[in-house]
Amino acid sequence: MFANKPFGYMLILFTLLVVLAGCGVRSDASTGVSPNSPIATASTEVTATSSIPNAASSVAPTATPSASTSISTSSTTTSTSTLPSTSTLPSTSTSTSTSTSTSASTPTVNTTEENIALTNPAQAPILLVTHSKSDYISFLDPATGHFEKLIVGKAPFAIAEGPNHRAYVSTAEGIAVVDTQSRIRVALVPYQTAIGKPQYGEYRPGGMGIAVSPDGKFVYVGVYVSGSSTKSQLEIMDTTKLAVIGSVPIGIRPFDLVTSLDGREVYSIDHDSYSVTAVDSSTHKARTLEAAPFGRGGFEKPHYAVVRGDGHLLLPYQGRGLVVLDPVSGKYETKPLTGNTHQEGVAFTPDGKQMLIVGIGAAGSATGKPNLTVLDVNTYTEKIIPLTRMHQMVASSADGHYAYLTGGVTYADTGWNGMTVVDLQSGAIRELELPDYPLDVQLLSR
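Each chain has its residues counted from 1, running along the sequence as written. Under the rules for a predicted model, residues below a pLDDT of 70 receive no local features and side-chain atom pairs below 80 are neither given nor counted, while totals for whole chains, interfaces and linings still include all residues. Based on all heavy atoms of the structure, the side-chain values leave hydrogens and waters out of the count.

A.B. asks: For this particular structure, what's the right way to read the side chain of Ser260?
C.D. replies: Relative to the elements of secondary structure, Ser260 occurs in the loop between strand E12 (254-259) and strand E13 (265-270). Partly exposed residues are those whose accessible area sits between 20% and 50% of the maximum for their type, while under 20% is buried and over 50% is exposed, using a 1.4 Å probe and protein chains only. You can call Ser260 buried: its relative accessible area is 9%. A polar contact is formed between the side chain of Ser260 and the backbone nitrogen of Arg264, at a distance of 3.1 Å. By definition in these notes, contact holds between two residues if any of their heavy atoms fall within 4.5 Å. Dropping the residues within four chain positions of it, Ser260 is found in contact with Pro214, Glu265 and Tyr267. Working definition: helices are DSSP H or I runs of at least four residues, strands are E runs of at least two. Numbering for both runs from the N terminus. Within 3.5 Å is the distance limit for a polar contact, defined as a pair of N or O atoms, with the added protein rule that one can donate a hydrogen and the other accept it, and that residues adjacent in sequence qualify only through two side-chain atoms.

Right, here's the structure in full:
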């Protein structure tokens, strides 16, 4: 075919090489890029990240590479400059907006104590409640209404919490000592005062107001003896010995006991004596302090008190006046109140700036309906929240957002089986069914 055969063979060989080279180029073009190139690796990572959520999607994005990213910084830079624009890929704003939405909604669930039970039951608020028509206290979750009973003694009246997971309950039989962590009654310490057979009701004999010394070494209980004008007794229990070590005569029907901030004195709020008895915690000597801004008669009696940061006692009367009593001088002044309701239980909000005062309704000179007064203890300005039922005692939530009110009013058996939760900001109320006249209520410390 060719005159010069060697030249022909060389031409055929050259043509074959050109064809083979062209096939190689077409092979590379059909493949795209090598599986080992940085661009392919980055593309795989992005696809996996955008199709399978990981832990990084639940937090705000940061400049730090995600833990799921296995490529190096240099590879990331290469992929950013080589990959198509973000308009053709799943946008990172999707996971960011999801994260923002989640972050914004989560605090809404957790900011109030009422909702903690839904997300973290271990941190949910627990209330200690006495059930005055029976023989037990309860550990109550106010968010769910669930409660657990613990038998402590007949006709429990008041609760005082001390250190080391101890709470003390005044009953018609003695002082119940409760381990709040294991939820058992450790002891029932009998009174020195002869009170007779245990009874129930407004005038039942036995322990009423109760308080724990600031150092936790002593418990003070006001013990009422019914059926006579005989003075009640302040009994003193040693918390180590779990025994009553002494008693001091006080006024009649000690509804409440509080201690001075330094623990040097104990104050008994003597309902039927229209007075306060101050007892020296070391010498046990007693002083009677007058506290009758509207005279000695009818319903104008003291019930409960709190001790303000300056050491003064604050006692409300009938929604008409607040007695500000200086226990050192024994003098007091009366600040006006406008609730116009028979006032009983009191409590501070945790910051000590507001005083919660329960009004049960009309009695004596008070002619108004049940309400809750939220009082600024420095300016004496009031916010009055109407209530639909009568209540006796009150406690504040740890964040000061809610008030917990008990329905077991002792006065003329006018209470009911339940509690009311009051939103102190909006005034909204919610009722809980709770049996056996719940009377005292305390927020359990953690």
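From this point on, the discussion continues.
A.B. asks: Is there a simple way to explain the layout of surface pockets in this structure?
C.D. replies: In this approach the atoms are scanned with a rolling probe the size of a water molecule, which exposes any empty space left behind. In this structure, the second largest pocket spans a volume of roughly 1100 Å³. Two kinds of site are reported from a 1 Å grid over the protein atoms alone, namely cavities, where a 1.4 Å probe fits but cannot get out, and pockets, open sets with protein on both sides within 12 Å along at least five of seven lines, and residues are called lining when an atom falls within 4 Å of a point. Taken together, 39 residues line the second largest pocket, and the ones lying closest to its centre are Ile159, Val258, Val306, Phe348 and Gln442. Among the elements of the structure, strand E4 (158-162), strand E8 (206-212), E12, strand E16 (306-307), strand E20 (343-348), strand E24 (394-396) and strand E28 (438-443) are those that each provide at least two residues to the lining of the second largest pocket. Under the scheme applied here, ten amino acids are nonpolar (Ala, Val, Leu, Ile, Met, Phe, Trp, Tyr, Cys and Pro), four are charged (Asp, Glu, Lys and Arg), and all others, including Gly, are polar. Here the lining of the second largest pocket is built from residues that sort into 25 nonpolar, 10 polar and 4 charged. Grid points are joined across faces, edges and corners, and a volume is the space filled by probe spheres set on the points.

A.B. asks: For this particular structure, what's the right way to read the environment of Thr341?
C.D. replies: The topology assignment puts Thr341 in the loop between strand E19 (332-336) and E20. Looking at Thr341, the relative accessible area reads 0%, which means it is buried. Residues Thr341 and Tyr317 lie 24 residues apart in sequence; the distance between their C-alpha atoms is 8.6 Å. Polar side-chain contacts of Thr341 include one of 3.5 Å to the backbone nitrogen of Ile360. In terms of polar contacts, Thr341 uses its side chain to reach the backbone carbonyl oxygen of Lys369, at 3.4 Å.

A.B. asks: I tried to follow the pattern of salt bridges on my own but got confused; where do I start?
C.D. replies: One side chain can pair with another of opposite charge once the charged atoms of both are near each other. We define a salt bridge as a side-chain nitrogen of Lys or Arg found within 4 Å of a carboxyl oxygen belonging to Asp or Glu. Using the criterion set out here, one finds 13 salt bridges in the structure. Note that Asp272 is salt-bridged to Arg253, the shortest N-O span being 3.7 Å. Placement of the pair is Asp272 in the loop between E13 and strand E14 (275-280) and Arg253 in the loop between strand E11 (243-249) and E12, with a sequence separation of 19 residues. In this structure Arg253 comes out as buried when scored by relative accessible area, which is 1%. Close ionic contact of Lys335 with Glu333 constitutes a salt bridge, the shortest N to O distance being 3.4 Å.

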